[in-house]
Amino acid sequence: MQNTKQISEPSQCDQAKYEYKKTSYTEIYKVLQTLRQDEALCDIKLETDDGGVIFGHKVVLASASPYFLAMFTNFLEKDQDLVAIRQLDSGALHLLIDFIYSGKISITETNVQILLPASNLLQLQEVKNACCDFLQAQLCPTNVIGIIALADLHSCTKLLTSSELYFQQHFSDVVEGDEFLSLSSEQIVKLIASDELIAPSEEKIFESVIQWVEHDLDSRKQILPQLMEHVRLPLTSKDYILKNVVDEPLLNNCFKCKDYILEALRFHLLKSEEIITIPHNIRTKPRQPGGTHKVILVVGGSGTDLFHDVLDSTEWYDPKNNQWQTGPKMITPRYAVRLAVVNDNFVLCLGGRNSESTLQSVDGIDLYSDSPHWRPTYDMLSKRWGFAVGVINNYIFVVGGHAEYSFLNSAEVFNCRTQEWHTISNMSTKRAGHGLGVLNNLLYAVGGFDSEHELNSVECYHPSLNKWTPITDMCVRRSAVGVGVLNGIIYAVGGWDGHQVWSSVEAYSPSTGVWSTIPDMHLSRRGAGVAVLGGLLYVVGGQDRASVLDSVEYYNPKTNTWTMITASMNVARSFAGAVAIDVPRYFKTC
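Residues numbered from 1 in each chain as written. Predicted model: local features only at pLDDT ≥ 70, side-chain atom pairs only at ≥ 80, totals over all residues. Heavy atoms only, no water.

Per an unreviewed UniProt entry, the protein chain is named Kelch-like protein diablo, and its organism is Acyrthosiphon pisum. Its UniProt record gives the protein chain the following Pathway (unreviewed entry) comment, quoted word for word: "Protein modification; protein ubiquitination." The UniProt entry for the protein chain carries the following text under Function (unreviewed entry): "Probable substrate-specific adapter of an E3 ubiquitin-protein ligase complex which mediates the ubiquitination and subsequent proteasomal degradation of target proteins. May have a role in synapse differentiation and growth." (UniProt positions renumbered as here; feature names shortened; annotations may be inferred.)

Next up, the structure:
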């Protein structure tokens, strides 16, 4: 048989497709630009208020500008060949029409102030952004106020923010210029109220306010109370107030302003006598350029020898630069202390022990002071160490602990307003070396030691009922336990069960009423400080079975992991107080 070769039928496949894109439309736009310049095939003339006439093609203008698109499709102008363009001069319109046809525009100091409003009107966002970028690069003390006004008028949000920040950062230079006196009342109130304002002193800010008001006294004097509300007059010196403020005629003729003077004088009087009762408001809080951020303050504790190496040193950790720095020295060395933060700016160090005795004294530090230092405040009702502290609405609760050699179930509370301590209901169990978590305005006393046994029990205090109620026990017994509250969860960290130091951690959610384990810490710790900062749970120092630790690690609930920080404390500490605070402006951050 003769061999034959069969050719198979072509298989069916997708229809072939070839796409071609022109990489540049430059030539097309050159032609369109030539036609426009020759007034050929043009179907629209734009006339400005100053009599200038510019030719164009509706389809080209509409393709580039939403303003023209709406005009030539939805409004009466779609059927007209001559349209009057109000609010623009011919020079600005000519530059923008050239940009539509060429894609190029030159922005200069001379034309930017007409191009910005014109591009905003025609909704040419690219040109508007380019104008804003140009103005941002030109910012200086002599033009920043004009740029603020321009940005505000034309809704240039990014430029407005950056120019206001520039003003705040160069306040001293800007107020020397005549433009400062032209600020609107809204602008100057916003400026003076800002925490970002950088000035050599609050005195300089006060003087600039008076200068601005006096420039147009009749229309501006009614704004003075609103301005003085934001001048931090208590932060000026007492001598300055007496010499330059008390007799200022503008303030003496303003009833509300007199109140601010009295407030400032009272602040200085109380500052020399009290720390907790100093009025706390925006005028007593120093400005914080760059924003506030929190640091961890660690106070006192025990060094290598638990009972004899008692520390009076303090230090603080800044996560921004991963550094520990020395803080103000304590009045009395203390370990087994607790810290409380009141009114956001006072830290109280309560009770504890020194090498000789149990303490009931309470020392405080004003973090907003020019030179923060510790000083005595109001003693507790009882001597205590190994107790726990919680703060609810500026009430300081002190719970349990040792009184010399006895174990306590008693508790007391300090009212910061009346400056008085009084007792509250006793816990159901004597506890020392326990932790106290504050959640939803309730106190949770966790673990501890009752003189015979390490405890896994937990009880909850309701301030409105003055009553303690038992809740679910922890999984293991923990004394010298660290407790922290983060994102609605109570964490019990490390501790001692009578036989071993734990690296394990338990978490309690009031919504479920259950304690559950999370990953272990890297190190076993008892007597560690706990602080919550930036969505992380920090555990500071403490002891393992053999030694006192200078290390710190943190728990991230989002990743469910523990991380050791690379910076160790300057001093190894156990049974120290630890708390997160806003970094005081007078603490050096480098």
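That shown, we press on.
Asks: Would you explain the overall build of the protein chain in this entry?
Replies: When you go through the protein chain residue by residue, the secondary structure sums to 16 helices and 27 strands. For 590 residues, the compact-globule estimate of 2.2 N^0.38 gives 25 Å, and the protein chain exceeds it by more than 25% at 35 Å. Contacts in the protein chain between residues at least 24 apart in sequence constitute 55% of all its contacts with a sequence separation of at least 6. Of the roughly 28,700 Å² that the protein chain leaves accessible, carbon and sulfur atoms contribute 50%. When the 49 positive and 67 negative side-chain charges of the protein chain are each reduced to one mean point, those points stand 4 Å apart. (Helix = DSSP H or I, 4+ residues; strand = E, 2+ residues; numbered from the N terminus. Rg over C-alpha atoms; globule rule 2.2 N^0.38 Å. Contact = heavy atoms within 4.5 Å. Areas by Shrake-Rupley, 256 points an atom, 1.4 Å probe, with all protein chains shown as cover. Lys, Arg positive; Asp, Glu negative; His and termini not counted. Charge placed at Lys NZ, Arg CZ, Asp CG, Glu CD.)

Asks: Just to check I follow, could you spell out the packing of aromatic side chains for this structure?
Replies: For any pair of aromatic rings, the description rests on two quantities: the centre-to-centre distance and the angle between the ring planes. Within this structure, the stated rule accounts for 17 aromatic pairs. Where Phe414 meets Trp421, the ring centres are 5.1 Å apart and the plane angle is 50 degrees; that geometry is what we call tilted. The residues Phe414 and Trp421 share a single accessibility class, namely buried. On the basis of an interplanar angle of 45 degrees and a centroid distance of 5.4 Å, the ring pair of Tyr538 and Tyr554 is categorised as tilted. Here Tyr538 is found in strand E24 (residues 536-540), whereas its partner Tyr554 is found in strand E25 (residues 552-556), with 16 residues between them in sequence. Its relative accessible area of 4% is what places Tyr538 among the buried residues. An aromatic cluster is present here, built from Tyr317, Trp324, Tyr538 and Tyr554 joined pairwise through their rings. Across from the ring centre of Tyr101, 5.0 Å away, lies the NZ or CZ of Arg36, which sits over that ring. Above the plane of the ring of Trp212 lies Arg220, whose end atom (NZ or CZ) is 4.0 Å from the centre. (Phe/Tyr/Trp six-rings, centres within 6.5 Å; stacked < 30°, edge-to-face > 60°. Buried < 20%, exposed > 50% of the residue type's maximum accessible area, 1.4 Å probe, protein only. Lys NZ or Arg CZ within 6 Å of the ring centre and 35° of its normal.)

Asks: Mind showing me how you'd approach the sheet that holds strand E20 (residues 489-493) here?
Replies: Backbone hydrogen bonds are what pair the strands of a sheet, in a parallel or an antiparallel way. Strands sit in the order E19-E20-E21-E22 across an open sheet of 4 strands; the sheet is antiparallel. If you trace the sheet from one side to the other, it starts and ends with strand E19 (482-486) and strand E22 (514-518), each paired once. Neighbour-to-neighbour, the strand axes of this sheet turn through a mean angle of 25 degrees, independent of strand direction. Where E19 lies against E20, 5 bridges are found, and the strand directions are antiparallel. When the sheet's bridge partners are listed, Gly484 is paired in E20 with Tyr491. (Pairing = 2+ DSSP bridges. Axes fitted to C-alpha atoms, helices over the stretch in contact; angles between N-to-C directions.)

Asks: Explanation requested: empty space enclosed by the protein in the structure shown.
Replies: If a probe the size of a water molecule is rolled over the atoms, the empty space left behind becomes visible. Across all of its chains, the model carries 2 cavities of 30 Å³ or more by this definition. Of the pockets and cavities examined, the largest cavity occupies roughly 100 Å³. Together, Ile148, Glu164, Phe167, Gln168, Leu183, Gln187, Lys190 and Leu191 line the largest cavity. Elements with a contribution of two residues or more to the lining of the largest cavity: helix H8 (157-169) and helix H10 (185-193). In terms of residue class, the lining of the largest cavity is made up of 4 nonpolar, 2 polar and 2 charged. Approximately 60 Å³ is the volume found for the second largest cavity. In terms of lining residues, the second largest cavity is bounded by 10 residues, among which Phe267, Thr284, Asn345, Asp366 and Tyr368 are the most central. Residue composition of the lining of the second largest cavity, grouped by class: 5 nonpolar, 3 polar and 2 charged. (1 Å grid on protein atoms, 1.4 Å probe; cavity = no way out; pocket = protein on both sides within 12 Å on 5 of 7 lines; lining within 4 Å. Points joined across faces, edges and corners; volume = space filled by probe spheres on them. Nonpolar A, V, L, I, M, F, W, Y, C, P; charged D, E, K, R; others polar.)

Asks: Would you take a moment to explain helix H5 (residues 112-121) for this structure?
Replies: Turn by turn, an α-helix covers 3.6 residues, leaving residues three or four places apart pointing in a common direction. Within the span of H5, buried status applies to Val112, Leu115, Leu116, Ala118 and Ser119. Elements that come into contact with the buried residues of H5 comprise helix H4 (90-102), helix H6 (125-137) and helix H7 (144-153). Note on H5: the residue one or two positions beyond its end, Gln123, has a positive phi of about 60 degrees.

Asks: In this structure, what is going on with the pattern of salt bridges? I would like to understand it.
Replies: Pairing is possible between side chains of opposite charge, provided their charged atoms come close. This model, assessed by the stated rule, comprises 15 salt bridges. Put simply, Lys204 and Glu176 hold a salt bridge, and the shortest N to O gap is 3.0 Å. Residue Lys204 is located in helix H11 (residues 202-215), and its partner Glu176 is located in the loop between helix H9 (171-174) and H10; the two are separated by 28 residues in the primary sequence. Arg334 is paired through a salt bridge with Asp363; the nearest N and O atoms lie 3.1 Å apart. Within this pair, whereas Arg334 is found in the loop between strand E6 (323-326) and strand E7 (338-342), its partner Asp363 is found in strand E9 (residues 362-366), the two being separated by 29 residues in sequence. (Salt bridge = Lys/Arg side-chain N within 4 Å of Asp/Glu carboxyl O.)

Asks: When you look at the UniProt feature "domain: BTB" (unreviewed entry) in the protein chain in this model, what are you seeing that I'm missing?
Replies: Under the feature "domain: BTB" (unreviewed entry), the UniProt entry names residues 42-109. Within the segment residues 42-109, helix and strand shares are 43% and 19% respectively, and the terminal C-alpha atoms sit 32 Å apart.

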